[in-house]
Amino acid sequence: MYREIFVPVDNSQHSDWAVARAIELARRSGGRLTGNHVYAARLHDVRFRQLETGLPAQFQTPDEIKRQRKIHDKLIEKGLQLIADSFLDEFGKKCAAAGVGITRQLLEGINYEEIVNEVNRGAGRLPGLIGFDPNRAAGYDGGAKTRGDVKVGANGRLVAEDEDQAARLVGSSGRQYDLLAIGAHGLGRQPYSQLGGVVSRVLRGIERDVLLVRDDRPLQGGRFLVCVDGSSYSYMAMRAALELAQQFGASLYVCSAFDVEYHHVVFHNIKDVLSVQASKVFKFEEQEELHNNIIDKGLLKLCQANLKRAEVMAGQYAGVPLKTQILVGKPFQVVLQWAAEIEPTLLVLARHGAHRIEGTDLGSQAENLVRLATCNVLCVGTVGVRPEDIPWIEEDGQAGLPWAPDAEVRILRVPPFAQGIARRAVEEYLLERTNGQPATVTNKWLDEAIQKLLPTHMQLIMGIGTAEEIALAEVKAQEQLKATRVRGSDADPEPAAAVEVTCPVTGVVSTRARVATDPVVWTEEAWARLQAVPLIARPLARNTVERFARNHAIWRVTTPVMDENKQAMIEADEFDVDTMMVMFQELRARQIRAEAEGGDALSPEMRAFIEEAKAQGITRCPIRDIEEKVGKCPVDFRGATPEEAKRAVEQLLP
C-alpha cells in the first residue's frame, strides 16, 4: 500500500518508534524509506549576528566581523550536517538489518516548512554536502554535488571563503511520497505536551497520509479502530484501514458517532434565559420535540447506514474480523471512550469529515483525536478523494412510498440537506398509522404528519395551519416589522461612522461612535425587496440580514448588502432550517405558477428535480448547489409576486 515513505529522524525515542513502524510497512509493501533530518543554518547565522556586539575588541573591526561571519556560517553548517549524518547512520543500520532500501536526505531551513514542502511536492531545499566523501555522499539526495571542506590556512587559522549563496543549495528531490511516518514528540518533549511543536504544524500542512507514532506496538496482529461519518473522506480512511488490517492480520473496529446531547443542552440553556414573550416566539417545547422526533432519529439512521456501507466495503477484504458500533455523544469524546475500552494499536481517521469547509486544513474532530488519542494514529489525507466515492448499499436503490403529485411538490419546500430525513419521517409516520401497509402519501397524510412532527411556526412557513393561526401569525409579523427603520435609497452616500445624540435635559446635540445596539437602517429599495418574502417569515429574513450587517459593521442595509448576506451564507453552509424554508418558498411559488399556467401537475424539469433530490438524500446535495437547482426551473423566479403565487395555489389546489 505505502511504497514511498518519508521518515524524519532526530534520535528521540518517538523518532525510533516511527522508523520501526515505517520499516514494518515497507517490508510488507516492498517499498523504500527516505530518512530525513532538517537543520536551520540560517537560524544560527541570525543568532551569531545578534551576539557580535559581545565579541572581544580585536574582533569588532568591520573586516574581522565579515571574516568571522564567513567562517562561522560554513563551520556551523558543517557541524549540523555531521550531526544529521550521525542520526541517519542509526536509521541506515536498522533498515539494512530489515532489508529495506533507503535514501538519506538533509534539508536546510525551518523544519516544519521543509517537511511539508518535501512531502507534498518533493520541493524541500537540498543543501550541498560539506566535505563529504563522494561514496558516502552518493547515498544522499543531491549528493552528486558537494562543497569543499572547511579550510585551515598556513597560519593555522580557519580560512574565510566566499561562497555563492545559490551554490549552497543543490535543488530538490521531486519525489512523490505515499506516507509520512513521524514521531508524536521530539527531543524537546515536555510532560504536559500533547504533540510536539514541529508535528502539530506539520499535521496542518500535509496533504498526504500521516502515521503519527506514540508507542512501540507493532501493526502485525493488532486492533485497528476506524471512524466513519458518511463522507467520502471517511470511506477513504476505511479503505486504508481494511488494506492494512488484511496485510497485517489485524482485527478492525468501526464506529460512527452522532451527538444528540448538544441540542438538549442548548435548549435547556436557552430556556433559562428566555423572557415570557421570547418563549412564545421560540416555542421551546415544540423545537425540542422536533429534534427528538426527527433529527435525533434521522441521525441514528444515518449512522446505521454509515456502518452498513463500511460492512459492504469489508466484504471485499477476506479474512478481516469486523466489529461495528454506533456511538452517541460528541464524536471525539465517545471515540476516545470506546478506544479506552478496546485499546486499539492504531486509530485510523480522515483529515476531514462531512462538514468540511473549503480552505480548512484539519477537521475539529480529527484534531482532537490526533491530540488526545493514546495510540498510534493514521490520519488519511485528501489526495485522490472524490466526493462521489461513497459505497452503495441496498437502501440507496430502494424506492420509498409513492407520493401524490401535489404532496410531492410540497415536500420540495424542505431544503435538500434535510430532504431525506423529511421524506423518511413522513413515510414512517404513514406506515405507523397504516400498520405497515404500503400507502400513497397524500396531502391529507402530509398535513397530519407535519402537524404532528413540526413546531407551529414551521407549519405556518410551510403553509399549513388554520386560517385563524395564519392570520394571528401575520398580525404578529406586522407588529415585529413596525420597529424597522426605512430611510433613503441605495444611491445615497454611506452614513457617518458616528451618530448624533441629544441630551434629554439640556437638548445639546453631540456625536458618539456607533455601538452594537444602534438600529440598522434599511433603504427603500432593500425594504421593497424584503416584501417579496412571505409575511410570516419576513421578520426572520430581516433579522438574518441585520445580523449579517452588524457583524460586518454595516449600519445601512441596501440591496447589495442583501446579496452579500445571501452569498456569504451559501459559501459557509450556514442556512438554518427556517431561512432555507423562506428560500424554497420562492421555488415553490414559481413552480406552482408554471403548473397553473401550463396545466401540467409536474413539468419534466420538476420531475427530474424531484428524482434527483430523492436520490441525493441528506448528504448528497449541499446548500451551495441551491442556485444551480433553482436555475433548472422553467419559470423566471424574479417575475412572480406573492399575490400571483397565491392565485396559482388557489387554481391548483381548490
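Anyway, here's the lowdown on the structure attached to this text. Owing to the predicted nature of the structure, the values given are computational and were not obtained by experimental measurement.

### Some thoughts on helix 12 (residues 364–372)
At 3.6 residues per turn, the α-helix brings residues three or four places apart onto the same side.
Right, on to step 1. Of all the residues in helix 12, the buried ones are Ala366, Leu369 and Val370. Along the axis of helix 12, the buried positions cluster into a sector of 100°, meaning they face one direction only.
Right, on to step 2. Packing partners of the buried residues in helix 12 comprise helix 6 (197–205), strand 7 (209–213), strand 8 (223–227), helix 11 (331–342), strand 11 (346–350) and strand 12 (376–380).

### Considering helix 4 (residues 111–121)
Right, on to step 1. Turning to helix 4, its buried residues are Glu114, Ile115, Val116, Glu118, Val119 and Asn120.
Right, on to step 2. Buried positions along helix 4 lie against strand 1 (4–8), strand 2 (32–39), strand 3 (101–108), strand 6 (179–183) and helix 6.
Right, on to step 3. Of the residues flanking the end of helix 4, it is Gly122, one or two places downstream, whose phi is positive at about 65°.

### Here's the deal with the packing of helix 11 against helix 12
Right, on to step 1. Interaxial distance between helix 11 and helix 12 falls to 9 Å at its minimum, and their mutual angle equals 35°. Helix 11 and helix 12 meet at a crossing whose hand is right-handed. Contacts between helix 11 and helix 12 involve Pro331, Phe332, Val335 and Leu336 on the former and, on the latter, Gln365, Asn368, Leu369 and Leu372.

### Examining the packing of aromatic side chains
Right, on to step 1. Applying the stated criterion across every chain yields a total of 4 aromatic pairs.
Right, on to step 2. Centre to centre, the rings of Tyr253 and Trp338 are 6.0 Å apart; their planes meet at 75°, and the pair counts as edge-to-face. Separated by 85 residues along the polypeptide, Tyr253 in strand 9 (residues 251–258) and Trp338 in helix 11 bring together distant segments of the chain.
Right, on to step 3. On the basis of relative accessibility, which here comes to 6%, the residue Trp338 falls in the buried class.
Right, on to step 4. Ring centres 6.1 Å apart and planes at 80° place the aromatic pair Trp522 and Trp527 in the edge-to-face group. The same class applies to Trp522 and to Trp527, which are both buried.
Right, on to step 5. The ring of Tyr112 has Arg201 sitting right over it, with the charged end atom 5.4 Å from the ring centre.

### Digging into the environment of Lys78
Right, on to step 1. Tracing the backbone through its elements, the reader meets Lys78 in helix 3 (residues 62–98).
Right, on to step 2. Overall, Lys78 belongs to the buried group, its relative accessible area being 16%.
Right, on to step 3. With 52 residues separating them along the chain, Lys78 and Ile130 place their C-alpha atoms 5.9 Å apart.

### Looking at unusual backbone geometry
Right, on to step 1. Notably, Glu343 is not glycine yet its phi reads approximately 50°, a positive angle.
Right, on to step 2. Locating Glu343 in the fold gives a position in the loop between helix 11 and strand 11.
Right, on to step 3. Since its relative accessible area comes to 48%, Glu343 is described here as partly exposed.
Right, on to step 4. Although it is not a glycine, Ala553 sits at a positive phi angle of roughly 55°.
Right, on to step 5. Relative to the helices and strands, Ala553 is located in the loop between helix 19 (538–551) and strand 17 (556–557).

### Let's talk about the pattern of salt bridges
Right, on to step 1. Tallied over the full model, the rule gives 19 salt bridges.
Right, on to step 2. For the salt bridge of Lys444 with Glu448, the shortest nitrogen-to-oxygen distance reads 3.9 Å. Linking Lys444 with Glu448, this pair stays in helix 15 (residues 443–453), spanning 4 residues, or about one helical turn.
Right, on to step 3. Classification of Glu448 as partly exposed rests on a relative accessible area of 27%.
Right, on to step 4. Notably, a salt bridge pairs Lys482 with Glu479, separated by 3.0 Å at the nearest N-O pair.
Right, on to step 5. Of the residues examined, Lys482 reaches a relative accessible area of 62% and is grouped as exposed.
Right, on to step 6. Looking at Glu479, the relative accessible area reads 47%, which means it is partly exposed.
Right, on to step 7. Taken together, the salt bridges that share partners define one network made up of Asp85, Asp89, Arg104 and Arg136.

Cut-offs used in this document
Residues numbered from 1 in each chain as written. Predicted model: local features only at pLDDT ≥ 70, side-chain atom pairs only at ≥ 80, totals over all residues. Heavy atoms only, no water. Buried < 20%, exposed > 50% of the residue type's maximum accessible area, 1.4 Å probe, protein only. Helix = DSSP H or I, 4+ residues; strand = E, 2+ residues; numbered from the N terminus. Arc of directions from axis to C-beta. Contact = heavy atoms within 4.5 Å. Axes fitted to C-alpha atoms, helices over the stretch in contact; angles between N-to-C directions. Left-handed = near helix turned anticlockwise from the far one by under 90°. Phe/Tyr/Trp six-rings, centres within 6.5 Å; stacked < 30°, edge-to-face > 60°. Lys NZ or Arg CZ within 6 Å of the ring centre and 35° of its normal. Salt bridge = Lys/Arg side-chain N within 4 Å of Asp/Glu carboxyl O.

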